[in-house]
Amino acid sequence: DLKTKVKECRAQTRTEKKKRAMAMREKQLKELGMNVNTRGQVVASVGAVEREMAELVEESGLKCVICHEGYKNQPQKILCIYTFSKRCLLEDSEGRTRKNLGYFTVSHFNVVHYDCHISAVRLARIRDEWESASLQNSNTKCNSLMPIWGPSVTESAFTTCLARHNAHIQEFTGVREASLSYVIHDIRMLLLRFVTERSFSEESGGGGRQSNIHFMPFIVQIALYVLTTTRRHTHEVAQLTSFLAASSADWVTMCYGAESPSYFLVLSLVLQSPRAWKAC
């Protein structure tokens, strides 16, 4: 009769919907690398687990302190170094009443993805950006992120982060522009800390000789990039040549200026090849 046919139709509809739901479930589980065993339990597919394990690459180089991945697993995500910069005299013994001012930079050499840093700051809403960052930086003061140009990082991404880094330096040190001469002085003052055995953590509260010797190649990388992009190579070479041609008496006089012999020593490291540097 009609009542029986309606019941049968409804039962067929429910069965069909159930089959479709199960098929959709199996499809979604398969995409997630899972399946249903004979007991009806959802378990991981052995093949999928093996494939995922095979795809895992262990980071052997620099890696983010937050996500623990680096340029092997995230080749296009730019890594940065937490740094601390502070205003200072460029040369303590400068023979002028009004001495030239610049800044120095030190680091605990903790590396972070810029994106991870921003996400962490957003989560810590009640804290200042750099107060929050100090927690990731081994409880060491920081006020900037110096970018590291990885093999697959685009130049635009690097320059954007470098511009932010320079903006932070200007904000916290008062310099008008983080030019090549300031970067050279920054490297010089960092090297002088090694020579004079001065503390690296006196102002920042963390980071020592080992941290800052690891940091050194990357600040030199910044100097080389600025030198290349500002097209000052010819000008700087002329300055270095003029210094090398000066007499020893002139060098003594230069010791009481901002551009002292130690400044030109660092400049030569940036400008010259190892062979040319050794020949001087």
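A brief look at the structure comes next.

## Details of the packing of aromatic side chains
Scanning the model with the defined rule gives nine aromatic pairs in all. Measuring from ring centre to ring centre gives 4.7 Å for W149 and F158, while their planes differ by 15°; the resulting arrangement is stacked. Given the relative accessible area of 29%, W149 is considered partly exposed. Between the aromatic rings of F158 and Y225, the centroid separation amounts to 5.0 Å while the plane-to-plane angle is 80°, which identifies the pairing as edge-to-face. Highlighted residues: F158 in helix α5 (residues 155-173) and Y225 in helix α7 (residues 209-229), separated in sequence by 67 residues. An aromatic cluster is defined as three or more aromatic residues linked by ring pairs; in this entry it consists of F243, W251, Y263 and F264. Lying over the aromatic face of F104, R193 brings its terminal NZ or CZ to 4.6 Å of the ring centre.

## Observations concerning the environment of V106
One can find V106 in strand β4 (residues 101-106). Given a relative accessible area of 1%, V106 falls into the buried group. Separated by 95 residues in sequence, V106 and S201 have C-alpha atoms that sit 7.9 Å apart. Ignoring sequence-local partners within four residues, the contact set of V106 consists of T83, F84, L190, R193, F200, S204 and N212.

## Details of a nonpolar patch on the surface
On the surface, L265, L269 and W277 cluster together to form a nonpolar patch covering roughly 280 Å² of accessible area. With respect to the helices and strands, W277 occurs in helix α11 (residues 274-279).

## Some details on α7
Helix length check: α7, at 21 residues, gives a terminal C-alpha distance of 31 Å against a target of 30 Å (1.5 Å per residue), a fit within 8%. The largest bend in α7 comes to about 30°, at M216, with the proline P217 one to four residues further on. Every buried residue of α7 is listed here: S211, N212, F215, M216, F218, I219, I222, A223, Y225, V226 and L227. Immediately downstream of α7, the backbone of R231 shows phi near 55°, a positive value.

## Quick word on the pattern of salt bridges
Tallied over the entire structure, the rule returns six salt bridges. R193 is the partner of E203 in a salt bridge, and the nearest nitrogen-oxygen pair spans 3.6 Å. Of the two residues, E203 is situated in the loop between α6 (180-196) and α7 and R193 in helix α6; the sequence distance between them amounts to ten residues. For the pair E203 and R193, a shared accessibility class is recorded, and that class is buried. Of the charged contacts in the structure, one is a salt bridge between E203 and R198, with a shortest N-O distance of 3.2 Å. For R198, a relative accessible area of 41% puts it in the partly exposed group. Salt bridges sharing partners connect three or more residues here, namely R193, R198, E202 and E203.

## Some remarks on the side chain of S260
Relative to the helices and strands, S260 is located in the loop between α9 (248-254) and α10 (261-271). Take S260: its relative accessible area is 3%, and that puts it in the buried class. Only 2.9 Å separates the side chain of S260 from the side chain of S262, close enough to count as a polar contact. Once residues lying within four places of it in the same chain are set aside, the contact partners of S260 are E91, R188, M254 and C255.

Rules used throughout
- Residues numbered from 1 in each chain as written.
- Predicted model: local features only at pLDDT ≥ 70, side-chain atom pairs only at ≥ 80, totals over all residues.
- Heavy atoms only, no water.
- Phe/Tyr/Trp six-rings, centres within 6.5 Å; stacked < 30°, edge-to-face > 60°.
- Buried < 20%, exposed > 50% of the residue type's maximum accessible area, 1.4 Å probe, protein only.
- Helix = DSSP H or I, 4+ residues; strand = E, 2+ residues; numbered from the N terminus.
- Lys NZ or Arg CZ within 6 Å of the ring centre and 35° of its normal.
- Contact = heavy atoms within 4.5 Å.
- Patch = residues over 30% accessible without salt bridge, like charges linked within 9 Å, V, L, I, M, F, W, Y side chains within 5 Å.
- Areas by Shrake-Rupley, 256 points an atom, 1.4 Å probe, with all protein chains shown as cover.
- Salt bridge = Lys/Arg side-chain N within 4 Å of Asp/Glu carboxyl O.
- Expected span 1.5 Å × (residues − 1).
- Bend = angle between axes of the 7 residues up to and from the residue.
- Polar contact = N/O pair within 3.5 Å; in protein donor to acceptor, adjacent residues only side chain to side chain.

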